[in-house]
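# Topology and contacts: notes
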Amino acid sequence: MSASLRRVGVVGLGTMGAGIAEVLARGGYDVVGVEVNDDALQRGRGHLEKSTGRAVKRGKLSAGDQQAILGRIELDTSFASLADCDLVIEAVPERLDLKRRVFEELDKVCRPDTVLATNTSSLSVTEIAVATERPEQIVGVHFFNPAPVMRLVEIIHTVLTRPEALGAVQDLVTGLGKVGVTIGDRAGFVANRLLFGYLNQAAAMYESGHATREDIDAAMRATGLPMGPLTLMDLIGLDVSLEVCEAIYRETRDRRHAPAPILRRLVTAGLLGRKTGRGFYTYGEPAAETGPQAGEAPSVGVAGSGPLAVAVIRAALRAGADVSFVAGDEAKVRAVREAVGGDVTGGTDLALLADRDLVVEAVAEDVSVKRSLLAAVDDVAREGAVLATTASAVPVIELAMATDRPQDVVGLHLPDPEGELAELVPTVLTDPEVTRRAESYVARLGKHPVRSADRAGFIVDALRVPYLNDAVRLLEAGYADADAIDAAMTYGCGYPIGPIADLDRIGLDHAVEVLRALYTEYREPAFAPAPLLDKLRTAGETFR
Ligand code: CAA
């Protein structure tokens with residue numbers, strides 16, 4: 001427990017306020033929860049009982065401890081009950097006028113030395129602070145949803161905050177077992193600034209028909225994220241998501257934060273996500289069954305000898321498929337055999353690909369090399385074969401047009417060559433029947449196919465790389481250091497790796513290549529590589 005803070009008030013017991021009250025009570029604090037009326041207070045009590053009840057059901061908390069935690073939380077509808085609190089955290093809806101009114105009220109009822117904190121996720125803490133007579137006692141404490149689970153708390157100081165007030169909140173956060181990241185007052189702070197560009201772009205991607213909601217979510221989960229972006233927005237609440245996007249847009253004028261029209265329509269219709277039972281998804285309905293694909297694995301031919309070709313051959317061998325491959329020379333043929341560790345038919349003659357159901361071109365990302373190889377494959381592949389090209393930063397149609405049968409060509413992008421995800425990319429000319437066949441072939445090879453329009457970056461790179469670029473811009477602006485930025489995303493959103501570390505992992509070359517492809521296609525200024533990213537890449541350096 002913090003030495004200076006013992007009794008803590010929480011104003012607003014919605015999802016976030018109730019979660020914060022629970023965290024504080026678990027941490028041994030006496031908590032006073034305040035809501036506007038008895039109905040809202042009952043709902044708040046319900047949140048607290050449900051959340052702690054879930055922990056009891058899972059055997060994480062004894063019934064006695066649950067009672068002790070709930071017993072430490074006093075509930076009231078009057079601000080007067082906050083009079084002797086050492087700290088009050090406000091968690092009312094994200095409207096500046098409302099928050100300012102709450103702070104004016106708190107300023108009247110609380111002791112002069114009480115620290116007043118706001119859990120705003122995107123509004124200006126400074127604008128809230130100046131509504132009071134004690135702006136030096138105002139701090140931002142931004143918890144993440146679900147507050148009992150997510151470890152990050154962003155601690156925000158304004159230009160007016162006293163170091164003692166900030167220090168008291170930092171001690172409290174650390175004492176609660178959370179990871180505090182202390183930063184200045186900017187819209188979206190670190191985590192939301194990085195998260196909501198991505199979430200809003202995912203909403204726009206769904207709305208434009210680029211991919212289905214299930215495929216967008218599955219693709220991003222396959223990169224290790226705990227939730228897909230549309231599911232996450234339903235968890236956060238579409239009303240909150242809309243407000244956060246608006247607030248960041250107001251400050252940055254970056255149109256990627258201008259809310260996707262679908263977000264506003266859903267909110268207007270009262271479809272706010274999980275809390276109302278429907279948002280991007282409808283809750284409480286049985287999930288559609290997507291059992292494993294039955295049927296034999298296709299015969300597979302692979303052209304190439306790099307890591308991608310090896311990954312495809314390995315997957316095909318694991319699926320029990322009949323596989324052959326073609327490499328540039330005998331040394332490469334031997335290297336592939338060694339890498340896949342199996343007795344697989346291979347050589348330098350493209351005729352080895354002649355009778356295959358699926359032929360995968362998997363050579364280096366060089367348009368002219370890919371085009372001439374596809375033209376040669378076109379000469380030998382049997383009629384009815386599916387021709388797949390592993391382009392990652394080139395439009396698939398540009399490659400398909402190198403053949404005389406573009407209707408049989410699809411893109412096949414493996415964001416992580418050894419991973420389960422396969423982005424399948426039909427072009428404007430691909431025969432729908434070929435796309436369906438390609439999808440079932442890929443599934444039988446043990447991959448999870450998601451369909452993407454033939455747009456730069458497909459799904460994963462289009463959503464991931466601009467977010468990584470945004471993280472570099474925060475770093476470059478000196479707003480937070482690399483460790484704080486990485487901690488924000490790992491502890492705040494459950495990412496397996498922070499963005500700066502992720503850039504070093506995926507390679508700065510690849511990131512810049514994808515950004516250039518995105519920029520060329522959309523002419524979106526924010527897709528231009530951040531200067532620091534480009535310079536480090538040119539210098540052959542990494543971030544760490
Ligand atoms: N309240 C309390 N505990 C909860 C909970 C809740 N609402 N939801 C889940 N949990 C607990 C479960 O009890 C469980 O605990 P144990 O491991 O101790 O048993 C644990 O969390 C895992 O839960 P589940 O097994 O039910 O579900 P899961 O493994 O799918 O995890 C998740 C659920 C923790 C929400 C996970 O999917 C996740 O991390 N998602 C990302 C969430 C995220 O990005 N949050 C940030 C949103 S942005 C934001 O909040 C800022 C803003 O300003 C808008």
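As shown above, the structure is provided for reference.
Here is what the cut-offs are and how they apply
Residues numbered from 1 in each chain as written. Predicted model: local features only at pLDDT ≥ 70, side-chain atom pairs only at ≥ 80, totals over all residues. Heavy atoms only, no water. Helix = DSSP H or I, 4+ residues; strand = E, 2+ residues; numbered from the N terminus. Rg over C-alpha atoms; globule rule 2.2 N^0.38 Å. Buried < 20%, exposed > 50% of the residue type's maximum accessible area, 1.4 Å probe, protein only. Contact = heavy atoms within 4.5 Å. Lys, Arg positive; Asp, Glu negative; His and termini not counted. Charge placed at Lys NZ, Arg CZ, Asp CG, Glu CD. Salt bridge = Lys/Arg side-chain N within 4 Å of Asp/Glu carboxyl O. Pairing = 2+ DSSP bridges. Axes fitted to C-alpha atoms, helices over the stretch in contact; angles between N-to-C directions. Expected span 1.5 Å × (residues − 1). Core = buried A, V, L, I, M, F, W, Y, C linked by side-chain atoms within 4.5 Å. Polar contact = N/O pair within 3.5 Å; in protein donor to acceptor, adjacent residues only side chain to side chain. Near = heavy atom within 4 Å. Areas by Shrake-Rupley, 256 points an atom, 1.4 Å probe, with all protein chains shown as cover. Nonpolar A, V, L, I, M, F, W, Y, C, P; charged D, E, K, R; others polar. Patch = residues over 30% accessible without salt bridge, like charges linked within 9 Å, V, L, I, M, F, W, Y side chains within 5 Å. Disulfide = S-S within 2.5 Å. Right-handed = clockwise from strand over helix to strand, strands pointing away. Phe/Tyr/Trp six-rings, centres within 6.5 Å; stacked < 30°, edge-to-face > 60°.

### Structural notes on the overall build of the protein
Within the protein, the secondary structure is distributed over 21 helices and 16 strands. Taking 24 Å as the expected radius of gyration for a compact globule of 544 residues, we find that the protein reaches 27 Å, a close match to that expectation. Each of the 544 residues in the protein was classed as buried or not, and the buried ones make up 55%. Expressed as a percentage of contacts within the protein between residues at least 6 apart in sequence, the contacts between residues at least 24 apart total 68%. The distance from the centre of the 58 positive side-chain charges to the centre of the 77 negative ones in the protein is 3 Å.

### Some remarks on the pattern of salt bridges
Per the counting criterion, the structure on display carries 34 salt bridges. The salt bridge partner of D322 is R356, with a shortest N-O separation of 3.0 Å. Separated by 34 residues along the polypeptide, D322 in the loop between α12 (307–318) and β10 (323–326) and R356 in the loop between β11 (345–347) and β12 (358–361) bring together distant segments of the chain. Here R356 falls in the buried class, since its relative accessible area comes to 5%. Where R356 meets D355, a salt bridge forms, and the shortest distance between an N and an O atom there is 3.1 Å. By sharing partners, the salt bridges in this structure join D509, R516, D534 and R537 into a single network.

### Some points on the sheet that holds strand β8 (residues 179–183)
Read from one edge to the other, the open sheet built from eight strands follows the order β3-β2-β1-β4-β5-β6-β7-β8, with strand pairing classed as mixed. Pairing within the sheet leaves two strands with one partner each, and these edge strands are β3 (73–76) and β8. On average, each strand axis in the sheet is tilted by 25° relative to the strand beside it, whichever way the strands run. Where strand β5 (residues 115–118) and strand β6 (residues 138–143) come together, three bridges link them in parallel fashion. Bridge pairing links T118 to G140 in β6. Packing against the sheet, helix α4 (residues 96–109) makes contact with β1 (7–11), β4 (87–90), β5 and β6, and its axis sits at approximately 165° to β5.

### Let's talk about α4
The α-helix winds at 3.6 residues per turn, so residues separated by three or four positions along the chain end up facing the same way. Given a rise of 1.5 Å per residue, 14 residues ought to cover 20 Å, and the 20 Å separating the end C-alpha atoms of α4 matches this to within 8%. Along α4, the positions that sit buried rather than exposed are L98, K99, V102, F103, L106 and D107. In this structure, the buried side of α4 is in contact with β1, β4, β5, α5 (125–129) and β6.

### Some words on the nonpolar core
By size, the foremost hydrophobic cluster in this structure holds 99 residues, and its most contacted members are L195, F280 and L533. Per element, the largest residue contribution to this core is 10 residues, and it comes from helix α17 (residues 460–476). In terms of nonpolar packing, the next biggest core, distinct from the first, is built from 37 residues, V10, A21, L61 and I69 among them.

### What about the environment of S124?
Within the fold, S124 resides in the loop between β5 and α5. For S124, a relative accessible area of 21% translates into the label partly exposed. Along the primary structure S124 and T158 are separated by 34 residues, whereas in three dimensions their C-alpha atoms are 9.0 Å apart. Side-chain polar atoms of S124 contact the backbone nitrogen of E127, separated by 3.0 Å. Among the polar contacts listed, one links the side chain of S124 to the side chain of D185, at a separation of 3.3 Å.

### Quick look at the site of the ligand
Lining the immediate environment of the ligand, one finds 20 residues, of which R58, S121, H142, N145 and N192 sit closest. One of the backbone N or O atoms of N145 is found 2.8 Å from a nitrogen atom in the ligand. Burial of the ligand by the surrounding chains reaches 71%, relative to a free accessible area of 1100 Å². Of all elements in the fold, only α2 (38–57), α7 (191–207), α9 (229–236) and α18 (482–493) reach the threshold of two or more residues within the shell around the ligand. Classifying every residue of the shell around the ligand by side-chain character gives 11 nonpolar, six polar and three charged.

### A word on a nonpolar patch on the surface
Judged by side-chain polarity, V130, V159 and L160 come together as a nonpolar surface patch covering roughly 300 Å² of accessible area. Mapped onto the fold, V130 is located in the loop between α5 and β6. Residue classification places V130 among the partly exposed positions, given a relative accessible area of 47%.

### Here we look at a positive patch on the surface
Residues K50, R54, K57, R58, K60 and R274 make up a contiguous surface patch of positive charge. Positionally, K60 belongs in the loop between α2 and α3 (63–71). According to the relative accessible area criterion, K60 is exposed, its value standing at 67%.

### Brief notes about the environment of K108
Along the chain, K108 falls in helix α4. With 402 residues separating them along the chain, K108 and H510 place their C-alpha atoms 56 Å apart.

### So, the state of the cysteines
Inspection of every chain in the model, using the stated rule, returns zero disulfides. For C110, which is in no disulfide, the shortest distance to another cysteine sulfur is to C85 and amounts to 6.6 Å. Here C493 is not disulfide-linked; the sulfur of C245 is the nearest cysteine sulfur, at 13 Å.

### What to know about the sheet that holds β11
Consider a sheet: its strands pair through backbone hydrogen bonds, and that pairing is either parallel or antiparallel. Strands sit in the order β11-β10-β9-β12-β13-β14-β15-β16 across an open sheet of eight strands; the sheet is mixed. Two strands close off the open sheet at either side, each with one partner strand: β11 and β16 (448–451). Strand-to-strand twist of the sheet, defined as the mean angle between neighbouring strand axes without regard to direction, takes the value 25°. Taken together, the four bridges between strand β9 (residues 300–303) and β12 define a ladder with parallel strand orientation. Paired with V302 across the bridge in β12 is V360. Strands β15 (421–426) and β16 of the sheet are contacted by helix α8 (residues 213–221), whose axis makes an angle of about 130° with β16.

### Some thoughts on the pairing of strand β2 (residues 30–34)
The two faces of a sheet get side chains in turn, since along a regular strand they alternate between them. Here β2 lies mainly inside the structure; four of its five residues are buried. For the handedness criterion, the β-α-β arrangement of β1, helix α1 (residues 15–26) and β2 is classed as right-handed. Sheet analysis places β2 next to β3, joined by four bridges and oriented parallel. Pairing of G33 across the sheet is with L75, part of β3.

### So, the packing of aromatic side chains
Going through the model one piece at a time under the given rule, you end up with three aromatic pairs. For the ring pair Y206 and F280, a centre distance of 6.0 Å and an interplane angle of 75° mean the geometry is edge-to-face. Linking Y206 in helix α7 with F280 in the loop between α11 (261–268) and β9, this pair joins segments that are 74 residues apart in sequence.

On their own, these measurements won't tell you what the molecule is for.
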